[in-house]
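Tertiary structure, described
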Amino acid sequence: MTDDLEEIRRKRLAQIQQQQAAQQQMGGADMQAAMQQEQMQAEMEAKKQALMRQILTPEARERLTNLRMSRKELVEQLENQLIMLAQSGRLQTMIDDEKLKQLLVQMQPKKRETTIKRM
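Residues numbered from 1 in each chain as written. Predicted model: local features only at pLDDT ≥ 70, side-chain atom pairs only at ≥ 80, totals over all residues. Heavy atoms only, no water.

1. Here's the deal with the side chain of Lys 48
Formally: Secondary structure elements follow DSSP: runs of H or I no shorter than four residues count as helices, runs of E no shorter than two count as strands, and numbering proceeds from the N terminus. Per-residue accessibility, obtained with a 1.4 Å probe over protein chains only, is compared with the maximum for each type, and a residue is labelled buried under 20%, exposed over 50%, and partly exposed between these values. In protein, a polar contact means a hydrogen-donor-capable atom and an acceptor-capable atom, both N or O and within 3.5 Å, with residues adjacent in sequence counting only if both atoms are side-chain atoms; elsewhere, any N or O pair within 3.5 Å suffices.
One can find Lys 48 in helix 1 (residues 2-55). Judged by relative accessible area, which is 16%, Lys 48 ranks as buried. Looking at Lys 48, its side chain comes within polar contact range of the side chain of Glu 79, at 3.1 Å.

Shown next as structure tokens:
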């Protein structure tokens, strides 16, 4: 009976070691794919920033950087729109701080005013 138990333990240990070896092999491939994806994202971000330098004045870029800290989704949406406009050739001049403010106001959702009536 102890021999059977030892044999089961050895088989189980071998099975666990095989599983770990398989996971390590898959983990290496996953890490390599993740690193490639991260590198591609970094390249895309660098291209995006280079294009934003061509589209925006330094003051407008500074405003976007400050706004990114609090409203990241809004800034990403605006940047994507600006890039699409620039690529389609619909932007004739650089966007300065005032134009950027106007664009941000237009992008803001309309707020409903609430009024309280006392009876």
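2. Section: helix 4 (residues 97-107)
The cut-off we apply is this: To obtain the arc, one takes the directions from the helix axis to the C-beta atoms. Whether two residues are in contact is decided by their heavy atoms: any pair within 4.5 Å suffices.
Listed in full, the buried residues belonging to helix 4 are Asp 97, Leu 100, Leu 104 and Met 107. Along helix 4, the residues classed as buried sweep out an arc of 80° about the axis, all on the same side. Residues Gln 102, Val 105 and Gln 106 are exposed on helix 4 and point more than 90 degrees away from its buried face. The secondary structure elements touched by the buried residues of helix 4 are helix 2 (58-68) and helix 3 (72-88).

3. Overview of the pattern of salt bridges
Here is the rule: Think of a salt bridge as a Lys or Arg side-chain nitrogen and an Asp or Glu carboxyl oxygen that are within 4 Å of each other.
This structure, assessed with the given rule, holds six salt bridges. Salt-bridge contacts for Glu 6 lead to Arg 9; the nearest nitrogen and oxygen are separated by 3.3 Å. Separated by three residues within a single helix, Glu 6 and Arg 9 lie in helix 1, roughly one turn from each other. Given the relative accessible area of 36%, Glu 6 is considered partly exposed. Residue Asp 97 pairs with Arg 63 through a salt bridge whose shortest N-O separation is 2.5 Å. In this pair, Asp 97 is assigned in helix 4 and Arg 63 in helix 2, connecting sequence segments 34 residues apart. Among the residues examined, Asp 97 registers a relative accessible area of 17% and is labelled buried.

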